[in-house]
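A closer look at the structure
If you want the building blocks of each chain, they are given just below.
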Amino acid sequence: MFWDKKIETLKRDELKSLQLKRLKKTVRQTLNVDFYRQHLSNARIRVEDIRTLDDIEKIPFTKKQDLRDGYPFGFLAVPLNNVVRIHTTSGTTGKPTVVGYTRKDLDTWADLIARNMTMVGITEDDVFQNMVNYGMFTGGLGFHYGAEKIGMTVIPSATGNTKRQIEMIADFGVTTIHCTPSYAMHLSEVAEEMHASLDSLRTGIFGAEPWSETMRHSLEERLGVTAFDSYGLSELFGPGVAFECPERNGLHIWHDAYLIEIINPQTGEQLSDGERGELVVTPLMKEAMPLLRYRTGDITMKMEDGCICTRGQKIARITGRSDDMLVIRGINVFPSQIEHVLLKIPEVGNQFMVYVDRVNHLDEMIVDVEINRDNFSGELADLARIQKKVVKELRDALELRTTVKLVEPGSLPRFEGKAKRVIDRRGDTI
Ligand code: DLL
């Protein structure tokens, strides 16, 4: 099913000429921003120098820190009275990043979300419960207006009060839910405790953080949904940048709206299809806050062209962020790999926390995971057996020795938004 078949299935040549036209317009639009006027002049680039799509490589990257330095409105390319909404991303340190939208931006964004949801078979007949934060986070209002555009029945339930969320699913006959995968896992636990029926559910849209294939299987089984991965970031409107089609093998990126490159995060060099690196995006349809070659920090790769759904080239699911990657005794570890291992072990639950310490100059990784009472005899010997098993599975997958602590079911934190499962305490050690 298509929301805008012509644009979603544009032939390569037509797409390239549309991208080039929009790229030139975007570069011109950025000249309203002091930072970009300086940035382009330092690199000796004029709009006329962008003659082909490859010319984009002449333009230097834009980094998250540049946006932070422009706080609050330094990156707006239109007067503030043309900005009808702002969102912010909460950074872990310092000032947040501010994103502005014109009325046209909001319309473009809602349209991209509508494309995504229509692609997976959602229609105006669906009842949609949007269980994410409705404030400065882009997931709430972003999906809300996209869903309304399709004509779905929207329940803006936001986060919190999980029992009430479950009652609403049953009472309103909700067919489609949207939340972070970690909240979906919590929702399924609470529904099980309540012996609640979630029979009306058919589709789960999960995103805003990395999640593994094992997590997908687990959510599908527990919630009775088909689960789709949704990717986006506030700087590029929010959700809606890339989304899985019913094939669920990679995410379609909307190439008429986003020009993408994959680079080696260390050298900035372009990588080929099939090589994993950092996603760099130049949005082609943003008015209030155009960006050039924005470094997302997200790790993925371009996949081979030719999905049977006939839409364009896909990217692989995001494995993590270049800055979330833990380097433990020289070995690269993404939290999603740990999740993948733990979810395959029936004796433990699906919640975990990872702590990283430096002890006598050596990195130590401690993984706290809840025991699953259904598969645990209660004997001390069984506890030792399970612990050994988890250590072994983690070692086999990560090639790393970890300390595993088995904890009581329900004792680890649950998350309503993005999960924070890693606490790196190495900086605290003197
Ligand atoms: O998380 C937008 C969003 C809302 C996407 C709802 C999907 C659903 P930010 O808060 O700016 O925006 O965070 C963006 O989250 O750079 C990724 O690191 C991560 N991220 C988003 N989607 C995925 C995903 C929203 N599907 C940052 N898989 C991005 C992995 C994701 N990571």
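Residues numbered from 1 in each chain as written. Predicted model: local features only at pLDDT ≥ 70, side-chain atom pairs only at ≥ 80, totals over all residues. Heavy atoms only, no water.

1. A word on helix α10 (residues 335-343)
Since there are 3.6 residues in each turn of an α-helix, residues three or four apart along the chain are aligned in direction. Quick note on the threshold: Relative accessibility decides the category of a residue: with a 1.4 Å probe and only protein chains considered, values under 20% of the type maximum give buried, values over 50% give exposed, and everything between is partly exposed. Under the DSSP-based scheme used, a helix requires at least four consecutive residues in state H or I and a strand at least two consecutive residues in state E, with every element numbered from the N terminus. Residue contacts are counted whenever heavy atoms from the two residues lie within 4.5 Å of one another.
Along α10, the residues that are buried comprise S336, I338, E339, V341, L342 and L343. As for α10, its buried residues are in contact with α8 (181-194), α9 (213-223), β16 (331-333), β17 (348-359), β18 (362-371) and α11 (380-398).

2. Here's the deal with the site of the ligand
Operational definition: In these notes, residues near a molecule or strand are those with any non-hydrogen atom within 4 Å of it. Polar contacts, as counted here, are pairs of nitrogen or oxygen atoms within 3.5 Å of one another; within protein the pair requires one atom able to donate a hydrogen and one able to accept it, and residues that are adjacent in sequence qualify only if both atoms are side-chain atoms. The Shrake-Rupley method, run with a 1.4 Å probe, gives the accessible areas here. Residue values count only the displayed protein chains as cover. Polar here means any residue other than Ala, Val, Leu, Ile, Met, Phe, Trp, Tyr, Cys and Pro, which are nonpolar, and Asp, Glu, Lys and Arg, which are charged; Gly is therefore polar.
Around the ligand, 20 residues are found, and the nearest of them are D229, S230, S234, D298 and K418. Side-chain polar atom of S234 to an oxygen atom of the ligand: 2.6 Å apart, as the coordinates give it. Between the ligand and R321 there is a distance of 3.2 Å, counted from an oxygen atom to a side-chain nitrogen or oxygen. When isolated, the ligand has an accessible area of 610 Å², and the protein chains bury 92% of it. Listed by contribution, the elements that provide at least two residues to the shell around the ligand are α6 (138-150) and β7 (226-233). Of the residues forming the shell around the ligand, the biggest block, 5 residues, is contributed by β7. The residue inventory of the shell around the ligand, partitioned by class, reads 7 nonpolar, 8 polar and 5 charged.

3. Things to note about the pairing of β17
Threshold: Strands are labelled as partners when DSSP assigns at least two bridges between them.
Within β17, 10 of the 12 residues are buried, leaving the element largely enclosed by the surrounding structure. As judged from the 9 bridges shared by β17 and β18, these two strands associate in the antiparallel manner. Bridge pairing in β18 places M353 opposite D368. Here β17 folds back onto β18, and the loop between the two strands holds 2 residues, one of which, N360, carries a positive phi near 50°. Pairing of β17 with strand β20 (residues 422-424), which is carried by 3 bridges, proceeds in the parallel orientation. Following the sheet pairing, V356 is matched in β20 by D424.

4. Comments concerning empty space enclosed by the protein
Heads up, the condition is: Only protein atoms enter the calculation, which uses a 1 Å grid: trapped sets of points that fit a 1.4 Å probe without letting it out are cavities, open sets showing protein on both sides within 12 Å along at least five of seven lines are pockets, and any residue with an atom within 4 Å of a point is a lining residue. Grid points are joined across faces, edges and corners, and a volume is the space filled by probe spheres set on the points.
Scanning all chains against the criterion turns up 1 cavity of 30 Å³ or more. Looking at the largest cavity, its volume works out to about 80 Å³. Lining the largest cavity are 14 residues; nearest its centre among them are G70, P72, F75, V98 and M289. Top contributing element to the lining of the largest cavity by residue count: strand β2 (residues 97-101), with 4 residues. Classifying every residue of the lining of the largest cavity gives 10 nonpolar, 4 polar and no charged.

5. So, the sheet that holds β18
Basically, it comes down to this: To obtain an axis, a line is fitted to C-alpha atoms, over the contacting stretch when the element is a helix, and the angle between two such axes runs from 0 to 180 degrees between their N-to-C directions.
The sheet built from 4 strands is open, its strands ordered β19-β18-β17-β20 with mixed pairing. Each having just a single partner strand, β19 (403-407) and β20 make up the two edges of the open sheet. Taking each pair of neighbouring strands and ignoring which way they run, the sheet shows an average axis angle of 15°. In this structure, β18 lies alongside β19, joined through 5 bridges in parallel fashion. Each residue of the ladder has a partner; that of V367, found in β19, is V404.

6. Here we look at a nonpolar patch on the surface
Here is the rule: Two joining distances apply to patches: 9 Å for like charges and 5 Å for nonpolar side chains (Val, Leu, Ile, Met, Phe, Trp, Tyr), and every residue must have over 30% relative accessible area and no salt bridge. Salt-bridge detection follows one rule: a side-chain nitrogen of Lys or Arg within 4 Å of a carboxyl oxygen of Asp or Glu.
Together, F73, L80, I86 and M136 give the surface a local cluster of nonpolar side chains, amounting to about 340 Å² of exposed area. Counting through the fold element by element, F73 comes out in the loop between α4 (64-69) and β1 (85-89). Since its relative accessible area comes to 36%, F73 is described here as partly exposed.

7. Comments concerning the environment of K405
Following the sequence through the fold, K405 ends up in strand β19. Distance from K405 to G268, taken between C-alpha atoms, is 40 Å for residues 137 residues apart in sequence. Setting aside residues up to four positions removed in sequence, K405 forms contacts with I366, V367, D368 and V369.

8. Section: the nonpolar core
Let me state the cut-off plainly: Grouping buried Ala, Val, Leu, Ile, Met, Phe, Trp, Tyr and Cys residues that are joined through side-chain atoms within 4.5 Å yields what is termed a nonpolar core.
Residues L23, V27, I59, M117, Y231, Y258 and L291 are the most contacted members of the largest nonpolar core, which totals 62 residues. The element contributing the most residues to this core is helix α5 (residues 103-119), with 7 residues. Setting aside anything within four residues of it in sequence, one finds M117 in contact with I122, F143, G146, A147, I150, M152 and I205. Of all hydrophobic cores here, the second largest spans 26 residues; its members include M131, L187, V190 and L219.

9. Structural notes on the packing of aromatic side chains
What counts here: Aromatic pairs are defined between Phe, Tyr and Trp rings, using the six-membered ring for Trp, whenever the two ring centres lie within 6.5 Å; interplanar angles under 30 degrees are classed as stacked, those over 60 as edge-to-face, and all others as tilted.
Within the structure shown, the criterion is met by 8 aromatic pairs. Centre to centre, the rings of F35 and F75 are 4.9 Å apart; their planes meet at 45°, and the pair counts as tilted. One end of the pair, F35, is in helix α3 (residues 34-42); the other, F75, is in the loop between α4 and β1, with 40 residues separating them in the sequence. Exposure remark for F35: the relative accessible area of 23% places this residue in the partly exposed category. On the basis of relative accessible area, F75 is assigned to the buried category, the value being 4%. Here F128 and F143 contribute two aromatic rings whose centre-to-centre distance is 6.4 Å and whose plane-to-plane angle is 40°, an arrangement assigned as tilted.

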